[in-house]
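Here's the letter readout for the chains.
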Amino acid sequence: MRIVVRAADARVARDAQALLGAAGISATALAGPFRDAPDGEDIRIVMLNDPTPKSGGVLTQLVGCSVDAPPLVGDAGAIALNAPPRLLASQMDAWTRVAIAEEECARRLATAAALGITPPKPMEPRKLKALYIGAPSSVFLALERTLTDQGGLVAAAFTSYTGFDHLHDEPFDAVVLNGATDPSTALSLCSALRRNATLYHLPTLMLTKPGDTATAASAIDRGASAVCTAVTPSPASMGWLFEAIRRERRRRAAEHEMRALRDLMGDARTGLWRRDPFDAHVARLANDHHVSGRPMSMVVLRVTPAIGAREPSPEVWRKGFGEIASLAARLMRDADSGMTLGADLIALALPAARLKNAKRTAERIASVAECTAFASGEGGAGPLVFEQSVVELQPGESGAALLARALRAIEVESIPA
């Protein structure tokens, strides 16, 4: 992503650039009057007290704030520039996901409209709800008052076991872990959330004893959104927790609409598109990425029985290939689009993705699916082999040409020498 930091003061812009660099994020610093970024701009970061330039032409615009104060930035997204590098990197990754999802959602709406498809209803708003896990503290009361003022509620669980049961049984917007009395258990639970696909993005606030910097640092390393002491509720920490909640609600809303639009233009059983809508959408993807200058990639996978494996019957192969197609849909991003071609090919279009990102997607799908044996009839099983073709959109290339180039690579590579 082309990240640009804009500030009226050159020193402020350079300081922000350095903080992003410490978090492993490469950014360009532009100071003074607004001017176009020389190499283009995907994510724009502006300073809290600077005049905000127009956000047209970028994926998203964020406000650079201090982690020591609540991010009072209205509807704009915020990042804590002076947060620990791991937390800053996490915030940037999360906002990038939101931006890509919202742009792709708008694009799918346009494709559906062009095809005369009625858009789906947006996701129904859900009452704000948080889960508090651990011994009672004053933070619980502060959180309860805040959510009650917004029409929400807080549920409580006194042990990690009952807390995890709650998290699996019902949806929550955030979780607060009291690590003041038992930090090791709270940190273990924080880590467990990141290993769960459903709970991975759940905003998390960790409570610690005053002065317990080790637990605070460990919580950030394990994906916590904010940290404060269990004795005194921190307005800044609560503010950043709610910023994470707002961000994740936007991501879930965009992904819900993307999936609904995909199902209207495809096969809800596999999660892949029909051919005509896919072709129309890939053409739109290519045009949009030429205008924005962002990368786009295409993946084609050919699925075949392993050499020496028993040849499945046509019916068994059809069923098994459908299962693999469904698996591929679950392993790619919600913003990616896919379709099946014939009886053995799967094509995926990846917006805002470089060649290396697309290769990782192809390898992830192949590695998982190759470990999945599907029934080949009469109790037998057949291992699978995946040929992979990955290409990146070239200047002036159409969506149809991009797909043809990816297919051509598969066909050429499959011809024996």
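Note: the structure precedes this text.
Reading guide: rules and limits
Residues numbered from 1 in each chain as written. Predicted model: local features only at pLDDT ≥ 70, side-chain atom pairs only at ≥ 80, totals over all residues. Heavy atoms only, no water. Helix = DSSP H or I, 4+ residues; strand = E, 2+ residues; numbered from the N terminus. Rg over C-alpha atoms; globule rule 2.2 N^0.38 Å. Buried < 20%, exposed > 50% of the residue type's maximum accessible area, 1.4 Å probe, protein only. Polar contact = N/O pair within 3.5 Å; in protein donor to acceptor, adjacent residues only side chain to side chain. Contact = heavy atoms within 4.5 Å. Axes fitted to C-alpha atoms, helices over the stretch in contact; angles between N-to-C directions. Parallel < 35°, antiparallel > 145°, perpendicular 65-115°, else oblique. Left-handed = near helix turned anticlockwise from the far one by under 90°. Nonpolar A, V, L, I, M, F, W, Y, C, P; charged D, E, K, R; others polar. Pairing = 2+ DSSP bridges. Disulfide = S-S within 2.5 Å. Right-handed = clockwise from strand over helix to strand, strands pointing away. Salt bridge = Lys/Arg side-chain N within 4 Å of Asp/Glu carboxyl O.

Caption draft 1: Representation of the overall build of the protein. Check the secondary structure of the protein and you find 11 helices and 18 strands. Radius of gyration (C-alpha) of the protein: 24 Å, near the 22 Å computed for a compact globule of 417 residues. Here the C-alpha coordinates of the protein stretch approximately 70 × 60 × 45 Å along the principal axes. The 417 residues of the protein split such that 50% are buried.

Caption draft 2: Here's a closer look at the side chain of Arg44. You can see Arg44 is positioned in strand E3 (residues 43-47). In terms of polar contacts, Arg44 uses its side chain to reach the side chain of Gln61, at 3.3 Å.

Caption draft 3: Region of interest: the environment of Ser398. Tracing the backbone through its elements, the reader meets Ser398 in the loop between strand E18 (384-392) and helix H11 (399-413). Accessibility expressed as a relative area gives 36% for Ser398, which makes it partly exposed. For the pair Ser398 and His290, spaced 108 residues apart in sequence, the C-alpha to C-alpha distance is 9.3 Å. Here Ser398 is in contact with Ala286 and Leu393, once residues within four sequence places are set aside.

Caption draft 4: View of the packing of helix H4 (residues 160-169) against helix H5 (residues 183-194). H5 packs onto H4 with a crossing angle of 20 degrees between their chain directions and a minimal axis gap of 11 Å. Comparing their axes, H5 and H4 come out roughly parallel. Viewed along their axes, H4 and H5 form a crossing whose handedness is right-handed. When H4 is examined against H5, the residues Ser160, Phe164 and Leu167 are found in contact with a partner set consisting of Thr185, Leu189, Ala192 and Leu193. Among the residues making up the contact of H4 with H5, the classes are represented as 5 nonpolar, 2 polar and no charged.

Caption draft 5: Molecular detail of the sheet that holds strand E6 (residues 129-133). A sheet is described by the order of its strands in space; here 5 strands give the open sequence E7-E6-E8-E9-E10, paired in parallel fashion. Only two strands of the sheet have a single partner each, and these edge strands are strand E7 (153-157) and strand E10 (226-229). Each strand axis lies, on average, 20 degrees off the axis of its neighbour in the sheet, ignoring direction. Relative to strand E9 (residues 204-208), strand E8 (residues 174-178) runs parallel, the two being bridged by 4 bridges. In the sheet register, Val175 faces E9, and the bridge partner there is Thr204.

Caption draft 6: Here's a closer look at the packing of helix H2 (residues 85-114) against helix H8 (residues 275-292). Relative orientation of the contacting elements H2 and H8 amounts to 130 degrees, with a least axis distance of 10 Å. In terms of their interaxial angle, H2 and H8 are classed as oblique. As H2 runs across H8, the sense of the crossing is right-handed. Mapping the contact onto sequence places Glu104, Arg107, Arg108, Ala110, Thr111 and Ala114 in H2 and Pro277, Ala280, His281, Arg284, Leu285, Asp288 and His289 in H8.

Caption draft 7: Seen up close, the state of the cysteines. A complete count under the given rule lists 0 disulfides for this structure. Take Cys65: it sits in no disulfide, and the sulfur closest to it among the cysteines is that of Cys228, at 19 Å. Relative accessible area serves as the criterion here: at 9%, Cys65 is assigned to the buried category. Lacking any disulfide linkage, Cys190 is separated from the closest cysteine sulfur, that of Cys228, by 13 Å.

Caption draft 8: Representation of the side chain of Glu104 within the structure. Within the secondary structure, Glu104 is located in helix H2. One polar contact links Glu104 to Arg108, side chain to side chain, over a distance of 2.8 Å. If near-sequence neighbours (up to four positions away) are discounted, Glu104 is found in contact with Met258, His281, Leu285, Ala335, Ser337 and Pro351.

Caption draft 9: Just the sheet that holds strand E1 (residues 3-7), in detail. Taken together, the 5 strands give an open sheet; going across it, the order is E2-E1-E3-E4-E5, and neighbouring strands pair in parallel fashion. Edge positions in the sheet fall to strand E2 (27-31) and strand E5 (77-80), since each of these pairs with one other strand and no more. Taken over all neighbouring pairs, the strand axes of this sheet differ in orientation by 30 degrees on average, direction set aside. Taken together, the 4 bridges between E1 and E3 define a ladder with parallel strand orientation. In the sheet register, Val4 faces E3, and the bridge partner there is Arg44. Along the sheet, helix H1 (residues 10-22) makes contact with E1, E2 and E3, crossing E2 at roughly 170 degrees. The strands touched by H2 are E1, E3, strand E4 (60-65) and E5; relative to E5, the strand with the most contacts, the crossing angle is about 160 degrees.

Caption draft 10: Structural detail: the pairing of E8. Across the 5 residues that make up E8, a large majority, 5, are buried. Relative to E8, E6 runs parallel, the two being bridged by 4 bridges. Considered in E8, the bridge of Leu131 is made with Val175. Note on the crossover from E8 through H5 to E9: the handedness is right-handed.

Caption draft 11: Representation of the pattern of salt bridges within the structure. In total, this model carries 27 salt bridges according to the counting rule given. Close ionic contact of Arg6 with Glu41 constitutes a salt bridge, the shortest N to O distance being 2.9 Å. Here the residue Arg6 occupies a position in strand E1, and Glu41 occupies one in the loop between E2 and E3, the gap between them amounting to 35 residues. Neither residue differs from the other here; Arg6 and Glu41 are each classed as buried. One salt bridge connects Arg405 with Glu397, and the closest N-O pair in it is separated by 2.8 Å. Classification of Glu397 as buried rests on a relative accessible area of 12%.

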